[in-house]
Every structure is written in structure tokens, then in C-alpha cells.
Amino acid sequence: MLTEEEFERKVKDVVRLALCSELRRTPMRREDILKKVLVNHPRAYNQVMEAADTRLREVFGMTIAELPTKERKNVIGSTAARRAAANKDKPTTYVKSYMLKNIIAQEHRQPEMINWKNDEPAMGLLMVILSLILVHGRVLTDDQLKHYFRRLYLTEDHEVFGNISEAVNTFVKQGYLDRVKLASSDSSQSDKDHYEYYCGPRAKVEIKESSMIGFIQTILGGVSLENLSKQIERASGTELRDE
Amino acid sequence: MTSAYGDTHRLFLQASIAERIFSETAAEEMYRKACEATSVEHDTEDFDDFMAALNDRLHRVDMEFRKSHDEENGDTVWALVNTNGDEVAKLATEYSPNEIAFFKRILELIVTADAEAFSVSSISALREGPLLKPQITKTAAEELLQKFVDDKWLIRSSSGRYSLSTRAILELQGLLKEEFEDYILECTLCYEIVTKGQRCKTANCKARFHNHCAEVYYNRSNNNKACPVCSTEWTGKHLIGEKAK
């Protein structure tokens, strides 16, 4: 059992870990909390997390949100899906991870207060990629993505976005994009791996699909939001998520 | 009046987390914007109360806003710092143990530098990496140093020397005073740690000033340019920091 003082210490450490992880846009993993903070007291996990969340809400206006599971599990032909199928009998051990979500009311937010530093162009690029994924039925192969990059004149060393592949890698690392390696159907081509891109867990928490539609609308201009949503639903063969 | 703790405070905090340290002018501007966004009446007079209210809440998570001065230009700055006693543990969540070991070596080199230089050349800093167990390669050490600069723990000067940032001094003052008691100097005027500034030309005289504190002190009406401790002439040319000789 933790003493009151120890408990208090652990709560503060989780708060700190959450803020640090958020600053780097890396998920806070259950494992890290257990290893770095709780150490010999894994049983206190739920209680500590709850107390940390209360404090984050109250002091910072942020809440600990669990990152949604990746979509890749249902992808036919993906290595992950194959592995999952092979291990059918075993329960899938998936690592719980978290991020911080802003809970300050939208009308109270003031985005220009936050210094985005060099993030702003990157976030623009991300929105473009996420929108492309969305209108493609929420999945895009790397060939398709590259094709779009060419059409948008997003060359490898772009003057605003820098190295595009690297930017994409960063998005994957930060959980904004989910990249799945496809099992190669043709063995003669096995030297080149193929990938598919999905909307990553962090993006699902941070960016609503409705705001992506809004983003697309701003770029297209002159289309009503409702029509656009319907068109996208039809074209992509999926229904838009509405949270 | 900003009496109750609310979204105005939270907005201000959220904006502060990424910045960590900012000038008072920037802080007041952030305060104004936070008030505007949350439709709270804004009054510059309330700024201190506002910061006090924030600190009141932040203490619950062992953090606080501290006010200090930038050693280089004397600007008033605010920093969001961690306050818990276990100074090293708090870095543990941000860096790996090996990275912390490296940081501590750099810290030691900076603080114990000869002639009160309070800085370390990048060559000496990089040399430390491979000495650690497990090793940090020079390339990795270079990246890590950049990370410390980006995270505002270290400052890299135009001549490539690393020194302590205002954030490092503010946040690690406990550790610095404890572990390097014999090396840490305090400003004769403001009693804060000084790692960049001026010293008395007398070898064993203890008088030290930040540049901005020296300016304040010697501009006061009847302070002639004499050392406040030993009364020898104050040249302002005996320096602490990178330019120390």
C-alpha cells in the first residue's frame, strides 16, 4: 500500500509525465507509467491515473484520453491482420497508451496564444494528408500518396515543408498517421515494401472528421458543408464519424 | 477582477507549457489574450494576482511560475518550473537515465570551469559522450546537446560554447547550490545565482554582479565606481562567463 505521501508523489509524477509526453507529442504508455512512476505499486494504477486526471482537468484544462486502437487489425492482407489471424486463440495484447486532450470550451480557446514555432506548416501538410486519406475511404497506399505529392508539387526537399518523407515519418511517430506494411503479393517484388496509411490514433482524438471536411471546404471554396459531406461519404463509401 | 480560477488561467497555462520561459512583456500579452478569449475583464493591475492564483493551483502538482532576470540582457522573465525536491528524478521523465548522466557531466563542466567561465566548449562537451557507460557517440551527443538547447536547458553562444540558461538556473538552483556549493556564485545585489556578469578585480574578493545589476547599482546617485565589498575600483572589465579570462 502506498502512503498518502507516496500516492501524492505518484500523482504528480504522472501529471509531469503526461505534460512531457504531450510536449513531444509522443503517447504516454501504460508501460512507462508502470515502470517509471509506479515501480513497485502497479496496483495503484487506476487510482493514481484518476487522481492525476482530476488535477490535469482542474489546473490545466486537459484530460487524459486513451488513444484509440489502430485500424490496421481489420485490414485484410496486412501483416498485422495475418498475425492476428494466426494468433486467433490468444487474446490480443495491445498496449494501452494515452495523450492529453484539451477540454477548454472551443469558444474560449485562443490558438494564436500558443507558439507553434515550426509546427504550423507541418500541421498544414498533415491536414492535407489526412483529408486525402479520408476521401479515399480512410486508407491510402504509399503509391497513391506519392502520386498526390507529385501533383501538389510537394517535392522531396520542399522549401516550406522540408523533407516530405521525414515529415511523414514524424507524423507516424507522433501517432497522427498510422502506417501499415502490406504483405507483398508478388514475391519477385519483395525488395520493395508496400505500405498503407490510415488516420492515426492521435489525429482521431485531436482532429474531428467534421473539421477535416471544413478544411477541405476552405480549400475548395463555394461548396456547402452538407453537400460536401454527402459527396465525400458517397465517394469514399464510408459514413463520416461524428463525435 | 480575475478572482476565481478558471479557463483564463488554464489558457494561460496551456500557452506557457510549450514556452516554459518568456519575458514579462510576453506574459502580460498572454494574460491579455487569455482574458479576451474568455471574456474576462482585463486589467494590467491584476497581473500579479493572476500569477499568484496560478501558483496557488500549480503547487498541487509541484510546479510554479518563478520570476527572474535574463542574465544576458537583464529582461524580467517568467518561467514555469518544477519545484519538487528530487531534482534529478524530475528530469527522468523527460530524458533517459543515460541522457541525464550526460547532462550532469555537462553541468559539472560548466559550473566548475576555470576562471569563472561558467561555460564549456562544444569540443569538451562532445568528448564526454564516449566516456559514459553505456557510451553516447559524438553524433548522438551532438544531437542531445541540441535537444538540451531546444528544451531551453542550455544556451549555445555564437562561438559554440554551452552555458546555463535562465531556465536551468531557476529550476536547478537547489541542485546547483547543493552539489557545487564551492563554485556557485551569488550576485551581490540581487542574491540570485550569477553565471554571466562582472567580478571584482581583487582576487579573493567575493563581490559579483549580473551586468544588469551592476548597471542598477552604479547608476544609483552616490555609488561611485567602487567595489561594494572591498572598495577597490570597479572596472566592469573583469567578467564572469564565457568572456572571463
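A quick note: this is a predicted structure, and the numbers were derived from the prediction, not measured.

Conventions and cut-offs
Residues numbered from 1 in each chain as written. Chains lettered and ligands numbered in written order. Predicted model: local features only at pLDDT ≥ 70, side-chain atom pairs only at ≥ 80, totals over all residues. Heavy atoms only, no water. Helix = DSSP H or I, 4+ residues; strand = E, 2+ residues; numbered from the N terminus. Buried < 20%, exposed > 50% of the residue type's maximum accessible area, 1.4 Å probe, protein only. Contact = heavy atoms within 4.5 Å. Areas by Shrake-Rupley, 256 points an atom, 1.4 Å probe, with all protein chains shown as cover. Disulfide = S-S within 2.5 Å. Polar contact = N/O pair within 3.5 Å; in protein donor to acceptor, adjacent residues only side chain to side chain. Buried area = accessible area lost by both parts, 1.4 Å probe. Salt bridge = Lys/Arg side-chain N within 4 Å of Asp/Glu carboxyl O. Domains from an automatic or database assignment. Nonpolar A, V, L, I, M, F, W, Y, C, P; charged D, E, K, R; others polar. Phe/Tyr/Trp six-rings, centres within 6.5 Å; stacked < 30°, edge-to-face > 60°. Lys NZ or Arg CZ within 6 Å of the ring centre and 35° of its normal. pLDDT = per-residue confidence, 0-100. Expected span 1.5 Å × (residues − 1). Arc of directions from axis to C-beta. Pairing = 2+ DSSP bridges. Axes fitted to C-alpha atoms, helices over the stretch in contact; angles between N-to-C directions. Parallel < 35°, antiparallel > 145°, perpendicular 65-115°, else oblique. Left-handed = near helix turned anticlockwise from the far one by under 90°.

**Q** Can you walk me through the overall build of chain A in this structure?
**A** Of regular secondary structure, chain A possesses 10 helices and 8 strands. Across the 243 residues in chain A, those meeting the buried criterion constitute 39%. For chain A, the proportion of contacts with a sequence separation of at least 24, taken over those separated by at least 6, is 67%. Only carbon and sulfur atoms are counted for the fraction: they give 50% of the accessible area of chain A, which is about 14,400 Å².

**Q** Explain the state of the cysteines to me, please; I cannot follow it from the model alone.
**A** Any covalent bond linking the sulfur atoms of two cysteines counts as a disulfide. A complete count under the given rule lists 0 disulfides over all chains for this structure. B:Cys187 provides the cysteine sulfur closest to B:Cys190, a residue in no disulfide bond, and the two sulfurs are 3.8 Å apart.

**Q** Help me out: how do you make sense of the side chain of A:His158 in this one?
**A** All names here are of chain A. Note on placement: His158 falls in strand β5 (residues 157-158). Residue His158 is classed as buried on the basis of its relative accessible area of 19%. Within the structure, the side chain of His158 is placed 3.2 Å from the backbone nitrogen of Phe161, a separation counted as a polar contact. In this view, His158 contacts Tyr153 and Ile164; residues no more than four positions away in its chain are not counted.

**Q** Looking at this structure, I do not really get the interface of chain A and chain B. What am I missing?
**A** Accessible area lost on assembly of the parts is the figure often given for the size of an interface. Chain A puts 30 residues into the contact, and the matching count from chain B is 32 residues. Surface buried jointly by chain A and chain B totals about 2,900 Å² across both partners, of which 57% is contributed by carbon and sulfur atoms. Among the salt bridges present, the one from A:Glu58 reaches B:Arg57, with a minimum N-O distance of 3.5 Å. Taken together, chain A and chain B are joined by 11 residue pairs in polar contact (both at pLDDT 80 or more).

**Q** Sorry, what's going on with the domain arrangement of chain B here?
**A** All names here are of chain B. Each domain of chain B was delimited in the assignment, giving domain 1 (7-82), domain 2 (94-168) and domain 3 (185-245). In this structure, domain 1 and domain 2 have C-alpha centres spaced 29 Å apart. Each partner contributes to the interface: domain 1 provides 9 residues, whereas domain 2 provides 4 residues. Counting the surface lost from both domain 1 and domain 2, the interface buries some 590 Å², and carbon and sulfur atoms represent 53% of this. For the domain 1 face of the interface with domain 2, the top three residues by lost area are Arg20, Ile21 and Glu72, together amounting to 55%. Summed over the shared surface of domain 1 and domain 2, the number is 0 salt bridges. On the surface where domain 1 and domain 2 come into contact, there are 1 residue pair in polar contact (both at pLDDT 80 or more). Looking at the side of domain 1 that touches domain 2 residue by residue, the class counts come to 2 nonpolar, 2 polar and 5 charged.

**Q** Is there a simple way to think about the packing of aromatic side chains in this case?
**A** Each aromatic ring pair is specified by the distance between its two centres and by the angle formed by the two planes. Applying the stated rule across the entire model yields 15 aromatic pairs over all chains. In this structure an aromatic cluster arises from ring pairing among B:Phe12, B:Phe22, B:Tyr31, B:Phe47, B:Phe50, B:Phe65 and B:Trp78. For A:Arg30, the ring lying beneath its charged end belongs to A:Tyr45, and the centroid distance is 4.3 Å. The residue whose ring lies beneath A:Arg202 is A:Tyr176, and the NZ or CZ to ring-centre distance is 6.0 Å.

**Q** In this structure, what is going on with the confidence of the model for chain B? I would like to understand it.
**A** Note that predicted coordinates carrying low pLDDT should not be read in detail. Chain-level pLDDT for chain B is 85 on average; 93% of the residues reach the 70-or-more range. For this predicted complex, the interface confidence reaches an ipTM of 0.77, while the overall pTM sits at 0.76.

**Q** Please clarify how helix α10 (residues 225-236) of chain A should be interpreted in this entry.
**A** Every α-helix carries 3.6 residues per turn, so stepping three or four residues along brings you back to the same face. Residues and elements named next belong to chain A. Look at α10: 16 Å from first C-alpha to last across 12 residues, which is about the 16 Å you get at 1.5 Å a residue. All of the buried residues in α10 are Leu228, Ser229, Ile232 and Ser236. Angular distribution of buried residues about the axis of α10 spans 100°; they occupy a single face of the element. Within α10, the exposed residues directed more than 90 degrees away from the buried face are Glu226 and Arg234. The secondary structure elements touched by the buried residues of α10 are α5 (119-135) and α9 (209-220). Once α10 finishes, Gly237 follows within two positions and takes phi at roughly 70°, a positive value.

**Q** What exactly am I supposed to notice about the sheet that holds strand β2 (residues 62-66) of chain A here?
**A** What links the strands of a sheet is backbone hydrogen bonding, and the strands pair in either a parallel or an antiparallel sense. Residue and element names in this part refer to chain A. Taken together, the 3 strands give an open sheet; going across it, the order is β1-β3-β2, and neighbouring strands pair in antiparallel fashion. Both edges of this open sheet fall to β1 (28-29) and β2, since each of them pairs with a single strand only. Here β2 runs beside strand β3 (residues 97-102); their pairing, made up of 5 bridges, is antiparallel. Bridge pairing links Ile64 to Leu100 in β3. Contacting β1, β2 and β3, helix α3 (residues 45-60) runs over the sheet at an angle of about 140° to β2.

**Q** Explain the packing of helix α1 (residues 4-24) of chain A against helix α2 (residues 30-38) of chain A here, please?
**A** The geometry of a pair of packed helices is captured by two quantities: the angle between their axes and the separation between those axes. Residues and elements named next belong to chain A. For the pair α1 and α2, the least separation of the axes is 10 Å and the interaxial angle reads 130°. When the axis of α1 is compared with that of α2, the two are oblique. Classified by chirality, the crossing of α2 by α1 is right-handed. From α1, Lys10, Asp13, Val14 and Leu17 reach across to α2, where they touch Asp32, Ile33, Val37 and Leu38. The residue makeup of the contact of α1 with α2, split by class, is 5 nonpolar, no polar and 3 charged.

**Q** Explanation requested: the sheet that holds strand β8 (residues 208-210) of chain B in the structure shown.
**A** All names here are of chain B. Taken in spatial order, the 3 strands of this open sheet run β8-β7-β9, and their pairing is antiparallel. A strand with exactly one partner marks an edge of an open sheet, and here the two such strands are β8 and β9 (239-240). Summarising the sheet, strand β7 (residues 197-199) and β8 pair through 3 bridges and their orientation is antiparallel. Residue Gly197 lies in a different strand from β8, and its bridge partner there is His210.

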